[in-house]
Amino acid sequence: WTAERLSSLILVPLTLWALWGATQVAGEGYEGAIAWLAQPVNAALVAALWLVSLWHMNMGMKVVVDDYIHR
């Protein structure tokens, strides 16, 4: 339970940052997006967003399976 809440709290600022980043890249095209992602801070935050999102999704799916799928 605590890990799910922690991952949710981590995802809030990461998601807001990703939305802000998407507005910065919008209209730049493929080259602009690659240049934005080539910056180390942006690359690290995108990686963190993906990893925490997958971790959060994994925990949520375990809860759904345990609670709602009967053998």
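Whatever comes next refers back to the structure up there.
Residues numbered from 1 in each chain as written. Predicted model: local features only at pLDDT ≥ 70, side-chain atom pairs only at ≥ 80, totals over all residues. Heavy atoms only, no water.

A.B. asks: Please explain the packing of helix 1 (residues 2-25) against helix 3 (residues 40-68) as it appears in this structure.
C.D. replies: Closest axis-to-axis distance for the helix 1/helix 3 pair is 9 Å, and the angle between their directions is 140°. Note that helix 1 runs across helix 3; the crossing there is left-handed. Taken together, the residues of helix 3 that come into contact with helix 1 (itself represented by Ala3, Glu4, Leu6, Ser7, Ser8, Ile10, Leu11, Leu14, Thr15, Trp17 and Ala18) are Asn42, Leu45, Val46, Ala48, Leu49, Val52, Ser53, Trp55, His56, Met59 and Val63. A class-by-class count of the residues in the contact of helix 1 with helix 3 yields 15 nonpolar, 6 polar and 1 charged. (Axes fitted to C-alpha atoms, helices over the stretch in contact; angles between N-to-C directions. Helix = DSSP H or I, 4+ residues; strand = E, 2+ residues; numbered from the N terminus. Left-handed = near helix turned anticlockwise from the far one by under 90°. Contact = heavy atoms within 4.5 Å. Nonpolar A, V, L, I, M, F, W, Y, C, P; charged D, E, K, R; others polar.)

A.B. asks: Looking at this model, I keep getting lost on a nonpolar patch on the surface. Mind explaining?
C.D. replies: A cluster of nonpolar residues, Trp50, Leu54, Met57 and Met61, forms a patch on the protein surface that exposes about 460 Å² of accessible area. Of note, Leu54 is situated in helix 3. On the accessibility criterion, Leu54 (44% relative accessible area) is partly exposed. (Patch = residues over 30% accessible without salt bridge, like charges linked within 9 Å, V, L, I, M, F, W, Y side chains within 5 Å. Areas by Shrake-Rupley, 256 points an atom, 1.4 Å probe, with all protein chains shown as cover. Salt bridge = Lys/Arg side-chain N within 4 Å of Asp/Glu carboxyl O. Buried < 20%, exposed > 50% of the residue type's maximum accessible area, 1.4 Å probe, protein only.)

A.B. asks: I would appreciate a short explanation of helix 1 in the present structure.
C.D. replies: Along an α-helix, a turn takes 3.6 residues, which lines up residues three or four apart on a common side. Along its 24 residues, helix 1 runs 35 Å from first to last C-alpha, staying within 8% of the 34 Å computed at 1.5 Å per residue. Restricting attention to buried positions, one finds in helix 1 the residues Ser7, Leu11, Leu14, Trp17, Gly21 and Val25. In the segment just after helix 1, Gly27 is the residue with positive phi, at about 85°. (Expected span 1.5 Å × (residues − 1).)

A.B. asks: I keep staring at the packing of helix 1 against helix 2 (residues 29-37) and nothing clicks. Help me out?
C.D. replies: Helix packing for two helices is described by the angle between their axes and how far apart those axes are. Close contact between helix 1 and helix 2 brings their axes to 10 Å; oriented N to C, the two are set at 140°. Our classification of the angle between helix 1 and helix 2 gives oblique. For the crossing formed where helix 1 meets helix 2, the hand is right-handed. Contact residues: Trp17, Gly21 and Val25 in helix 1; Gly29, Ala33 and Trp36 in helix 2. Along the lines of polarity and charge, the residues of the contact of helix 1 with helix 2 split into 4 nonpolar, 2 polar and no charged. (Parallel < 35°, antiparallel > 145°, perpendicular 65-115°, else oblique.)

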